[in-house]
Every structure is written in structure tokens, then in C-alpha cells.
Amino acid sequence: MRNQGVRWLLPVIMLFSLILTACGTQPTAAPTAAPAAEPTTAPAAAAEEFTFGMVLVGPINDGGWNQAHYEGAQYVVEKLPGVKFIYIDKVNPADRPNVKVEQVIEELIGQGAKLVITNSAEFADGTNIAAAAHPDVFFIHASGDKVLTGEAPSNVRNLMGRMEYGKMIAGCAAALTTEAGKLAYLGPLIDPETRRLVNSAYLGARYCWETYRGRPASELAFKVTWIGFWFNIPGVTLDPTKVANDFINEGYDVILSGIDTTEAIVEANKATQAGKRVFAVPYDFKGACAQGEAVCLGVPYFNWGPDYKRLVELARSGKWEPAWEWTGPNWSNLNDPDTSMIGFVKGAALSAENAAKLDEFIAKLADGSLNLFTGPLYYQDGSVFVPEGQVADDKTIWYTQQLLAGIEGQSAP
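Only a predicted model underlies this, so the values are computations on that prediction, with no experimental measurement involved.

Caption draft 1: Spatial organisation of the packing of aromatic side chains. Overall, the coordinates contain 22 aromatic pairs when judged by the stated rule. Look at Tyr 70 and Phe 85: their rings are 6.0 Å apart centre to centre, the planes differ by 55°, and that puts the pair in the tilted class. Residue Tyr 70 is found in helix 2 (residues 65–79), and its partner Phe 85 is found in strand 3 (residues 83–88); the two are separated by 15 residues along the sequence. Accessibility assignment for this pair places Tyr 70 and Phe 85 in one class, buried. Sitting above the plane of the Trp 320 ring, Arg 157 keeps its charged end 5.4 Å from the centroid. Between Lys 182 and the ring centre of Tyr 252, over which it is positioned, the NZ or CZ distance is 4.5 Å.

So this is what it looks like as C-alpha cells:
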């Protein structure tokens, strides 16, 4: 998920790192053993214990991306006897400015990890360095594509969920609900992933605005503001709390979040309590609506547990092969905790009427009668993204180069 779209941050981060280095290098934190759930059967013998580790870019309780990964690991521990989980979180330039991901991976391997998951695209190079140094350890780089490009060692797999569908559903819920016809998107940094997710939300919103609201696309405002990273780094990124309030003050009455944390729904809830009518669609984590139930239209979320369980089993059985996987939802049961990588939980603020329309929209995505990546689709500069009559293939979508025409906001840093 985390691409290297923070080039503009590097000078600031390098300066910050130099200052801290002068004061002494900050050591890598020791890995933390997560509490294991009670096994459903007798635990395996100690000699057979399989330890897997995780490196997370943010805190495990962020209510978003990192918490979703952490709970996915907990699912593995719950479902597989004889498995131990260790992790190091907050591996980012603000929290650990002098620490490289390969150093953190070494910490986990030193504690016995036989498989290591890294959960940010900024971790791609460090993951590959560690994988090359430890060919007997297995690696999952979540959100990356170095296996697809042929740059990863053979003990690495890439895994990502097709959140494009979740964002389409989120955009539809927003368009069904907005009273002002003004949708805002709180974006992280700019890279192909974040562009394709913004585009997906816009396509879902535009379709439902035209189809169910009976309004032309020209009457729907859709604006994205990028803060510059996956969460707030004071003094480096834009403050997501301020960005969310700027949206509200500009009359946007639905805020869709694309960042790791919950500022969008928190500020929408505050504004509504103060007398304004503002809705939100949080992101990443199934429980994110808890930050503002009364304003939450729903949340598209990642369910990493089943895929992590499957890959841990492959590693433990010695059946590992390199692969790039882009896993979609289980359309027969979108919120099945054991089978669906991508889910959507409807929020309390979504009316019953709009929930029924949203279900109809989801059914069209599920049976294939609706494919929103069908041309003609144009980028902001007027160039063709998908030609008329054609459907974008996976690589075209994965490497999305710009935002679509109709979206207000930057396509490049």
C-alpha cells in the first residue's frame, strides 16, 4: 500500500535524521510478542512452533491500516495451533528516524521469525535486502509489486487487496447521501495506488449520482487534498484535522478517508454535534465507524487474516513459491471473516433507502454486469486512460498515472 511517493519529504527527513544522529542513534525497539488466543486444539510441541513477525509503518491501534494488519495476524494465531506472532510497529521516519526496515527485520529474525510480513510500500527495498540475506526466511511484502516486476528474491511474495471495489462502494454511499453534491477525499501521499483508489471512489460516486440520483456528473463536486504521508507527521505533512475542517468549511458534506488514521470521521462527528450535517466514510479497519457512529455511512476495510493464514501454512509446509497476488472480495459474502479480503460494513448514518440502492450497486459489481473501468475514461489532462469500448486490465489499473477528469486535486506531487 505504501509507495515511495514521499520524495518531497526526503530533504526534511534527512535533516531531521542528521540532527538526531548527532544526539545519538536511536536503537531499534525489541519485538513485542502479541498475546496468543486460546487454541481450539492442543498446542503443537515447542520444537514445532512456527514464529512469524510483522513490521508495521504505524501503530497497531491506529483504527486503520496498521490495526487491520495486526488483527489479521491475531486471526492467524487464533486459527493455527503452534504459531507465535511477534511485531515491531511505528517504523517510519517520525517515530524511528534512524532505523531502516532491514534492521527491524533482523531484530525479528533474531527472535526466531521464520516468516516476516512488511506492510508498507516504502519497505520494498529493505524487504528485498533482508530476503536476499536470509534465503531460508519467507517474506510477505503487503502492497508491493517487486515480484511482478521481477526484482524480488524467490523467498518474497507480494499481497494486496482489491480495495478498488471497496472504494467504489464507498463513493456510491457518499453520492447517495450528499445533500450539497460536494464530496471530499482526505488523501495520504500521491502514488499509483492512491490515485487508483481516488479514481475508484470517484467512479462509484459518479455512477450512483447519475443512476440513482438522476443528476448529471457536472453537478457533482469531487475534491481530493493530499496530506503528504499515510498519517500526520507534525511539521512535515499537512494536518489532516485541519484539512478535514477546511473541507467542512467549504461546504463538503461527505468526507471519504484515504489515510491510515481516523481524523475524517472524528471531525465530521464534531461538526455534526456542533449543528452542521456532515457524513464520513473511514477506511481500512472494520471497526472504524466506532469513532463516529452517527455520521458514518460505512467503511471499506481489509481483512488480511485468511490470506495471512494461508501463506503461513504454505511457509510452514515448505510449499512456498514467489507470487504477486491482488486478492478480491468474496462476492457471495462480502463480509465473511474467513474468505473475503475486502469488505464493506454499512454505517448507521446510511438510510435504509440508500442502503437498498447500495446493495443493488454491489450486486452489479458482483455479477460483472457493471465494470466501472470500462472506457472511455480520461485523465485530468485529457489523455486517454481507457479507450472507448475497452476494459482496463490489471496492470493499467495498478499503474494508474493520473486522477480522472472530473476530480479536483493534484495528480502528481
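Caption draft 2: Broad picture of unusual backbone geometry. Of the consecutive residues Gly 375 and Pro 376, the connecting peptide bond is found in the cis state with omega at 10°. By the element assignment, Pro 376 lies in the loop between helix 10 (352–367) and strand 14 (377–378). One non-glycine residue with positive phi stands out, namely Lys 90, at about 55°. Structurally, Lys 90 can be placed in the loop between strand 3 and helix 3 (101–110). Phi is positive for Ser 143, close to 95°, though the residue is something other than glycine. Residue position: Ser 143 is located in the loop between strand 5 (138–142) and strand 6 (156–161).

Caption draft 3: Representation of the side chain of Ser 120. Here Ser 120 shows up in the loop between strand 4 (115–118) and helix 4 (124–133). Classification of Ser 120 as buried rests on a relative accessible area of 0%. Of the polar contacts made by the side chain of Ser 120, one reaches the side chain of Glu 122; its length is 2.6 Å.

Caption draft 4: Expanded view of the packing of helix 2 against helix 9 (residues 305–317). Where helix 2 contacts helix 9, the axes come no closer than 8 Å and their chain directions differ by 55°. When the interaxial angle is binned, helix 2 and helix 9 end up oblique. As for how helix 2 packs across helix 9, the hand of that crossing is right-handed. Of the residues in helix 9, those touching helix 2 at His 69, Gly 72, Ala 73, Tyr 75, Val 76 and Lys 79 are Gly 305, Pro 306, Tyr 308, Lys 309 and Val 312. Across the contact of helix 2 with helix 9, the residue classes break down as 6 nonpolar, 3 polar and 2 charged.

Caption draft 5: Fine view of the nonpolar core. Counting 113 residues, the largest nonpolar core has Phe 52, Trp 304, Leu 358 and Phe 361 as the members making the most contacts within it. Excluding residues within four positions of it along the chain, Trp 304 makes contact with Trp 65, Ala 68, His 69, Gly 72, Ala 142, Leu 159, Met 160, Gly 161 and Met 341. Ranked by size, the runner-up nonpolar core spans 21 residues in total, among them Val 243, Ala 264, Ala 288 and Val 295.

Caption draft 6: Structural detail: the pattern of salt bridges. In total, this model carries 16 salt bridges according to the counting rule given. Residue Arg 196 is joined to Glu 164 by a salt bridge in which the shortest nitrogen-to-oxygen separation is 2.6 Å. Here Arg 196 is found in helix 6 (residues 192–211), whereas its partner Glu 164 is found in helix 5 (residues 163–177), with 32 residues between them in sequence. The exposure classification of Arg 196 matches that of Glu 164, with both residues buried.

Caption draft 7: Expanded view of the environment of Gly 53. With respect to the element layout, Gly 53 can be found in strand 2 (residues 50–55). Assessed through its relative accessible area of 0%, Gly 53 is described here as buried. As for Gly 53 and Lys 84, which are separated by 31 residues in sequence, their C-alpha atoms are 8.4 Å apart. Once you skip the residues sitting within four places of it in the chain, Gly 53 turns out to touch Phe 85, Ile 86, Leu 108, Ala 113, Leu 115, Val 116 and Ile 117.

Caption draft 8: A look at helix 9. For helix 9, with 13 residues, the first-to-last C-alpha span of 18 Å sits near the 18 Å given by 1.5 Å per residue. All buried positions along helix 9 are accounted for by Gly 305, Pro 306, Asp 307, Tyr 308, Leu 311, Val 312 and Ala 315. Of the residues trailing helix 9, Gly 318 is marked for its positive phi of about 75°.

Caption draft 9: Region of the structure containing helix 10. For helix 10, spanning 16 residues, the distance from its first C-alpha to its last is 23 Å, which sits close to the expected 22 Å at 1.5 Å a residue. For helix 10, the elements touching its buried residues are helix 5, helix 6 and strand 13 (342–346). A positive backbone phi angle near 85° is found at Gly 368, which sits one or two residues after helix 10.

Caption draft 10: A look at the pairing of strand 2. Within strand 2, 6 of the 6 residues are buried, which leaves the element mostly enclosed by the surrounding structure. Burial along strand 2 is two-sided: the residues Phe 50, Phe 52 and Met 54 and Thr 51, Gly 53 and Val 55 are all buried. Sheet analysis places strand 2 next to strand 3, joined by 6 bridges and oriented parallel. Note that in strand 3 the partner of Gly 53 across the bridge is Ile 86. This β-α-β element, strand 2 to helix 2 to strand 3, shows right-handed connectivity. Sheet topology places strand 2 next to strand 4; 4 bridges connect them, and they run parallel. Bridge pairing in strand 4 places Phe 52 opposite Leu 115.

Caption draft 11: Structural detail: the packing of helix 3 against helix 4. For the pair helix 3 and helix 4, interaxial distance at closest approach is 8 Å and the crossing angle is 45°. If you check the angle between helix 3 and helix 4, you find them oblique. When the axes of helix 3 and helix 4 are compared, the crossing they make is right-handed. Counted together, Val 101, Glu 102 and Ile 105 of helix 3 and Gly 126, Thr 127, Ile 129 and Ala 130 of helix 4 form the full contact between these two elements. Here the contact of helix 3 with helix 4 is composed, by residue class, of 4 nonpolar, 2 polar and 1 charged.

What counts and how
- Residues numbered from 1 in each chain as written.
- Predicted model: local features only at pLDDT ≥ 70, side-chain atom pairs only at ≥ 80, totals over all residues.
- Heavy atoms only, no water.
- Phe/Tyr/Trp six-rings, centres within 6.5 Å; stacked < 30°, edge-to-face > 60°.
- Helix = DSSP H or I, 4+ residues; strand = E, 2+ residues; numbered from the N terminus.
- Buried < 20%, exposed > 50% of the residue type's maximum accessible area, 1.4 Å probe, protein only.
- Lys NZ or Arg CZ within 6 Å of the ring centre and 35° of its normal.
- Polar contact = N/O pair within 3.5 Å; in protein donor to acceptor, adjacent residues only side chain to side chain.
- Axes fitted to C-alpha atoms, helices over the stretch in contact; angles between N-to-C directions.
- Parallel < 35°, antiparallel > 145°, perpendicular 65-115°, else oblique.
- Left-handed = near helix turned anticlockwise from the far one by under 90°.
- Contact = heavy atoms within 4.5 Å.
- Nonpolar A, V, L, I, M, F, W, Y, C, P; charged D, E, K, R; others polar.
- Core = buried A, V, L, I, M, F, W, Y, C linked by side-chain atoms within 4.5 Å.
- Salt bridge = Lys/Arg side-chain N within 4 Å of Asp/Glu carboxyl O.
- Expected span 1.5 Å × (residues − 1).
- Pairing = 2+ DSSP bridges.
- Right-handed = clockwise from strand over helix to strand, strands pointing away.

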